[in-house]
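As a plain string of letters, each chain reads:
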Amino acid sequence: MTTPTPDPTAHLSQLVRYSLQLPTMVEPDDLAAVRTLLTSHQLVVDRVVPGEALVASATGSDPDWQTIKLALQEVGYPVQHTNTVED
């Protein structure tokens, strides 16, 4: 019996970082609420500071931004701008 050779391209995922501009997120309670909401959408939260959240997605595909932005807007934190962050 032979052992199959692993496929080096199988299960590839890429860590992509995003910056979300959230101008209404300024108070400490706001930061905690946004962090919780973003993690509930399977984003890795790198940093949350007044007005901005840096997150990452390791799913290999783009996050469902429409759903995430709608959820943030519904709790009072509309996203003004989202862009990818280069290291």
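Below: a short report on this structure. Numbering of residues starts from 1 in each chain and follows the order in which that chain's sequence is written. The predicted nature of this model means local features are confined to residues of pLDDT at least 70 and side-chain atom pairs, given and counted, to a pLDDT of 80 or more, with totals for whole chains, interfaces and linings taken over all residues. The side-chain numbers reported here are obtained from all heavy atoms of the structure, hydrogens and water having been left aside.

**Details of the packing of aromatic side chains**
Aromatic rings from Phe, Tyr and Trp, with only the six-membered ring used for Trp, were paired whenever their centres fell within 6.5 Å, and each pair was classed as stacked if the ring planes differed by under 30 degrees, edge-to-face if by over 60, and tilted otherwise. Across all of its chains, the model carries 1 aromatic pair by this definition. Geometrically, the ring pair formed by Y18 and W65 is edge-to-face, given 4.9 Å between the ring centres and 75° between the ring planes. One end of the pair, Y18, is in strand β1 (residues 16-21); the other, W65, is in helix α2 (residues 65-74), with 47 residues separating them in the sequence. Here Y18 and W65 have matching classes, each one buried. For helices the rule is a DSSP run of H or I covering at least 4 residues; for strands it is a run of E covering at least 2, with both sets numbered from the N terminus onward. Each residue gets one of three labels from its accessible area relative to the maximum for its type: buried under 20%, exposed over 50%, partly exposed in between, using a 1.4 Å probe on protein chains only.

**Thoughts on α2**
Taken as a whole, α2 has its buried residues at W65, I68, A71 and L72. Down the axis of α2, the buried set is contained in an arc of 130°. They therefore lie on one face. Counted as exposed and oriented over 90 degrees from the buried face of α2: Q66, Q73 and E74. Any two residues having at least one pair of non-hydrogen atoms within 4.5 Å are treated as being in contact. Tucked into the core, α2 has its buried residues touching β1, α1 (28-40), β3 (52-57) and β4 (81-85). Just downstream of α2 lies G76, where phi reads positive at about 95°. This arc is taken over the directions from the axis of the helix to the C-beta atoms.

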